[in-house]
Amino acid sequence: MKLFIASDLHGSFFYAKKMIEKFEESNADYLVLLGDILYHGPRNDLPMEYDCKKVAELLNRYKDKIIAVRGNCDTEVDQMLLEFPILNRNSHILIDGARIFLTHGHIFNIDNLPNICSGDYLFYGHTHKSLLGNIKGITVLNPGSISLPKDNMHSYAIMENKKIEIFEL
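Now for a description of the structure that goes with this document. (Residues numbered from 1 in each chain as written. Predicted model: local features only at pLDDT ≥ 70, side-chain atom pairs only at ≥ 80, totals over all residues. Heavy atoms only, no water.)

A few points about the sheet that holds strand β1 (residues 2–6)
- Taken in spatial order, the five strands make up an open sheet running β3-β2-β1-β9-β10, and their pairing is mixed. A single partner strand is all that each edge strand has here, and the edge strands are β3 (66–68) and β10 (163–168). Direction aside, neighbouring strands of the sheet carry axes that sit 25° apart on average.
- Where strand β9 (residues 155–160) meets β10, six bridges bridge the pair, whose relative direction is antiparallel. By the bridge assignment for β10, Y156 is matched with F167.
- Contacts from helix α1 (residues 13–26) reach β1, β2 (30–33) and β9 within the one sheet, and its direction differs from that of β1 by about 165°. (Pairing = 2+ DSSP bridges. Helix = DSSP H or I, 4+ residues; strand = E, 2+ residues; numbered from the N terminus. Axes fitted to C-alpha atoms, helices over the stretch in contact; angles between N-to-C directions. Contact = heavy atoms within 4.5 Å.)

Okay, here's the thing in structure tokens:
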């Protein structure tokens, strides 16, 4: 199974289109969204081409391919626009005998690991900075932010055959 992992889109239609283009090019099985999908949040500037309705319309075309978790900027109102579930704070994917713990990162992250085992994975966003590493035998991935990076790289990640790579959009 091939996963395309992204986070912190924050309602940018410009970057949502670019992300979907890369998703289609990748031939990934699923698009994993780690929260903060529509709303830009009170601490962020408006992203390029901020248009929550257009982003929702675009993502809804891929609703059967999206696995998403709730970010700290996602609300029940956002769910009213989206045709795939976004209100779970955490989720799991079981792949090739390992568990992938999905979360946004404002609760569970490298400083507060969830109760998972060595050999498992923790995927989270929230910081807008990409990271790939290993802590206590747990592979940790933050794909960075699609639209509002704090490390100057609009980024996403791909996981295939337990190999993870971060890419610039």
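Observations regarding the nonpolar core
- With 28 residues, the main nonpolar core has F4, M19, L33, I37, L59 and F84 as its most contacted residues.
- Those elements that place two or more of their residues in this core are β1, α1, β2, α2 (52–60), β3 and β9.
- Among the elements that make up this core, the one with the highest residue count is α1 (six residues).
- Apart from residues no more than four positions distant in its own chain, M19 is found in contact with F4, A6, L9, L31, L33, L59, I146 and L169.
- With 16 residues, the next largest nonpolar core counts L34, Y121, A157 and M159 among its residues. (Core = buried A, V, L, I, M, F, W, Y, C linked by side-chain atoms within 4.5 Å. Buried < 20%, exposed > 50% of the residue type's maximum accessible area, 1.4 Å probe, protein only.)

With respect to the environment of L122
- By the secondary structure assignment, L122 is in strand β6 (residues 121–123).
- With relative accessibility at 0%, the residue L122 sits in the buried group.
- Taking the C-alpha atoms as reference points, L122 and I107, 15 residues apart in sequence, are found 12 Å from one another.
- Leaving out residues up to four positions away in the same chain, L122 has contacts with F101, T103, N109, L113, P114, I116, I138, T139, V140 and L141.

Notes on the packing of aromatic side chains
- This structure, assessed with the given rule, holds seven aromatic pairs.
- Judged by centre distance (6.0 Å) and plane angle (80°), the rings of F23 and Y62 are edge-to-face. In this pair, F23 is assigned in helix α1 and Y62 in the loop between α2 and β3, connecting sequence segments 39 residues apart.
- Between Y156 and F167 the ring centres are 5.5 Å apart and the planes differ by 20°, which places this aromatic pair in the stacked class. With a gap of 11 residues between them, Y156 in strand β9 and F167 in strand β10 connect regions that are remote in the sequence. (Phe/Tyr/Trp six-rings, centres within 6.5 Å; stacked < 30°, edge-to-face > 60°.)

Focus: the pairing of strand β4 (residues 90–95)
- One ladder, built from six bridges, connects β4 with strand β5 (residues 98–103); its direction is antiparallel. Note that in β5 the partner of I93 across the bridge is I100.

Quick word on the sheet that holds strand β8 (residues 138–143)
- Across the sheet, five strands lie side by side as β4-β5-β6-β8-β7; this open sheet has mixed pairing. In this open sheet, the two edge strands, each paired with only one partner strand, are β4 and β7 (130–135). Neighbour-to-neighbour, the strand axes of this sheet turn through a mean angle of 15°, independent of strand direction.

Section: empty space enclosed by the protein
- Taken as a whole and assessed by the stated rule, the structure comprises one cavity of 30 Å³ or more.
- A volume near 40 Å³ is recorded for the largest cavity.
- If you trace the largest cavity, you find it lined by A6, S7, D8, L9, L33, L34, G35, I37 and I146.
- For the lining of the largest cavity, a count of residues per class yields six nonpolar, two polar and one charged. (1 Å grid on protein atoms, 1.4 Å probe; cavity = no way out; pocket = protein on both sides within 12 Å on 5 of 7 lines; lining within 4 Å. Points joined across faces, edges and corners; volume = space filled by probe spheres on them. Nonpolar A, V, L, I, M, F, W, Y, C, P; charged D, E, K, R; others polar.)

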